[in-house]
Amino acid sequence: MSNKETAKEIIKQVGGKGNIGSLIHCATRLRFELNDSTLADRSALKAIPKVLGVVDAQGQTMIIIGPQVNEMYTEIMAQLDGDEPSEEVRGNGAKTETAKQTKAAKKSWFDQLLSTISAIFTPYIPVLATSGIIKGLVDILVKSNVLTTDNNTYLILAGIGNALIYFFPILLAFTAAQKFGSNPYIGATIGAALMEPNIAGITVTGNKIDFLGIPFTAMNFSSTVIPIILAIWAYSYLDKTLKRYLPKALQFILVPLLSLLIMVPLTLMVFGPVGGFIANAIADGYQFLLNSNVIIFNAIFGALFIYVIMLGVHWVILPLQLSYLAEHGMEYSLGSGGMGNYALLGVCLAVLVISKTKEERTIASSAAFVNFLSGVTEPGLYGVVMKNKKYFISLTLGGLAGGIIFGATKSYITNFAFTGLFGLPAFLSSPTATTYIISVLVTLVVSFMATLLLSSNKISFGKKLSK
């Protein structure tokens, strides 16, 4: 089935064009917000050859495609925007119209929060991962005395690696404004103003400064996350209010003018400190859990974070991890949480060895290959592990073992990247790279051996042990 035919079938089985409220994608998933999720035929979706699985979470219907998700997204968007007649929405038209009107109300506040965070951050994940790889390579070159920190080549490469994180407020402002239904270019300009040299020069965190004689405590916005999201959320309401009361003939000039004049000072004086307080509270809670028992903390992430990925809510936790990484220059759970990916690789390799059918070996080898190269887990999760419940035990045991070693050796990472060969430079740049590699090897061995053992004829579930 071609991409065009697959896209057409996906649109049909989610309820038709008229049932699609919005569509974004992450590294491996199409994330639909449907006007009426009951109209989606999940069994028919799973039966499509290029669909690896379907997950409902965060108020979204997620269709797992794998590494080719970008091509599928492009094809679906082309069909949604094209001139072809729309597929009729299955079910009663009045029901669908009511669903559109009440969609937000039917979502729990938690689902709305998760959906919002996911939509804001998801577009940047591939760039974040590649930035970590670049930074890792630069760090390795410096430690190997190939480059020095005053070398122009170093400065250029370091600038590439640091750009996204440093200017995150600008980029997040853009996608946040899109999500909140306001002008993304005005949102990005609000973020850019906070990073402008004149303002950045006086907003040193902790400094007492004033605006129009009103004193406030300044904070530096580079690499921050929560303050700008709060600010753009508030701006979205200001944008709607201005458009409601200003004459249409004046909106072209006055909406951006008043938005900038109001929101930039308010962000500096109000949303910055409030967002900083929230961020610090989260960081303190994270540090408390870490200090309570570093081994248990990392063991939990090692054993269970792969299931967070399976549910598709890992992009919600990632901003918290990235905030901690930006603030402290190191992070723990990004390393231990990745052990589940390597446990999955061990399971796939074991299935490749023990499988007696060509189809299973083909699926396992393909899943292992993409996992090994780029840390993409969905082909292994939905193509291998979901086929046999015993593999969940191997997956959990492998991640648990790696997480325990990672925690016991007090390992940490200094750059974010996906697991796998491509992301390895980001992890090797950490001072604890050796113990990280040991944790990975332990994870692979445990998950591989557990899969072999559990797949033997002497182990069964729900039946008597065979003789």
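Cut-offs and rules
- Residues numbered from 1 in each chain as written.
- Predicted model: local features only at pLDDT ≥ 70, side-chain atom pairs only at ≥ 80, totals over all residues.
- Heavy atoms only, no water.
- UniProt positions renumbered as here; feature names shortened; annotations may be inferred.
- Helix = DSSP H or I, 4+ residues; strand = E, 2+ residues; numbered from the N terminus.
- Buried < 20%, exposed > 50% of the residue type's maximum accessible area, 1.4 Å probe, protein only.
- Pairing = 2+ DSSP bridges.
- Salt bridge = Lys/Arg side-chain N within 4 Å of Asp/Glu carboxyl O.
- Axes fitted to C-alpha atoms, helices over the stretch in contact; angles between N-to-C directions.
- Parallel < 35°, antiparallel > 145°, perpendicular 65-115°, else oblique.
- Contact = heavy atoms within 4.5 Å.
- Nonpolar A, V, L, I, M, F, W, Y, C, P; charged D, E, K, R; others polar.
- Phe/Tyr/Trp six-rings, centres within 6.5 Å; stacked < 30°, edge-to-face > 60°.
- Lys NZ or Arg CZ within 6 Å of the ring centre and 35° of its normal.

The name given to the chain in an unreviewed UniProt entry is PTS transporter subunit EIIC, and the organism recorded there is Paenibacillus haidiansis. The annotation that UniProt attaches to the chain under Subcellular location (unreviewed entry) is "Cell membrane".

**Student:** Where do I start with the UniProt feature "transmembrane region" (unreviewed entry) in the chain in this structure?
**Tutor:** The residues that UniProt annotates with the feature "transmembrane region" (unreviewed entry) are residues 113–134, 154–174, 218–238, 250–283, 295–318, 339–357, 392–413 and 433–454. Secondary structure within residues 113–134 divides into 86% helix and 0% strand; the distance between the first and last C-alpha atoms comes to 32 Å. This span, residues 218–238, is 62% helix and 0% strand, and a straight line between its end C-alpha atoms measures 23 Å.

**Student:** Whenever I open this one, unusual backbone geometry confuses me. Can you help?
**Tutor:** Peptide bonds are, in most cases, trans, and in most cases residues other than glycine have a negative phi. Even without being a glycine, L212 presents a positive backbone phi close to 55°. Its place among the elements puts L212 in the loop between β5 (208–211) and β6 (214–217). The exposed category is assigned to L212, whose relative accessible area is 74%. Despite not being glycine, K410 shows a phi value in the positive range, around 50°. Of note, K410 is situated in the loop between α19 (390–408) and α20 (424–428).

**Student:** Just to check I follow, could you spell out the pairing of strand β1 (residues 20–25) for this structure?
**Tutor:** On a regular strand, each side chain points to the face opposite its neighbour's, so the side chains alternate between the two faces of the sheet. Here 5 bridges tie β1 to strand β2 (residues 29–34), and the two strands are oriented antiparallel to one another. Bridge assignment links I20 to a residue of β2, and that residue is L34. Taken together, β1 and the strand that follows it, β2, pair antiparallel across an intervening segment of 3 residues.

**Student:** How should I be thinking about the pairing of β2 in this particular structure?
**Tutor:** The buried count for β2 comes to 6 of 6 residues, which makes it a mostly enclosed element. On β2, burial covers both faces: R29, R31 and E33 on one face and L30, F32 and L34 on the other are all buried. Where β2 meets strand β4 (residues 60–64), 4 bridges bridge the pair, whose relative direction is antiparallel. Bridge pairing in β4 links R31 to M62.

**Student:** Explain the pattern of salt bridges here, please?
**Tutor:** If charged atoms from side chains of opposite charge come close, those side chains can pair. Taken as a whole and assessed by the stated rule, the structure comprises 4 salt bridges. Between R29 and E378 there is a salt bridge whose closest N-O contact spans 3.0 Å. Residue R29 is found in strand β2, and its partner E378 is found in helix α18 (residues 378–383); the two are separated by 349 residues along the sequence. On the basis of relative accessible area, E378 is assigned to the buried category, the value being 3%. Between K179 and E33 there is a salt bridge, with its nearest N and O atoms 3.2 Å apart. Placement of the pair is K179 in helix α8 (residues 168–180) and E33 in strand β2, with a sequence separation of 146 residues. Its relative accessible area of 29% is what places K179 among the partly exposed residues.

**Student:** Just checking my understanding: could you explain the packing of helix α12 (residues 248–292) against helix α13 (residues 294–311) for this structure?
**Tutor:** Two packed helices can be described by the angle between their axes and the distance between those axes. One can describe the packing of α12 onto α13 by two numbers: an axis separation of 5 Å at closest approach and a directional angle of 110°. Classified by the angle between their axes, α12 and α13 sit roughly perpendicular to one another. Across the interface between the two elements, Y286, L289, L290 and S292 of α12 pack against V294, F297 and N298 of α13. Tallied by class, the residues present in the contact of α12 with α13 amount to 5 nonpolar, 2 polar and no charged.

**Student:** I keep staring at the packing of aromatic side chains and nothing clicks. Help me out?
**Tutor:** Geometrically, a pair of aromatic rings is defined through the distance of the ring centres and the angle of the planes. This model, assessed by the stated rule, comprises 14 aromatic pairs. Here the aromatic cluster, defined as three or more aromatic residues joined through ring pairs, consists of Y286, F297, F301, F305 and Y324. The positively charged end of K240 is found above the aromatic ring belonging to Y237, 5.9 Å away from the centroid.

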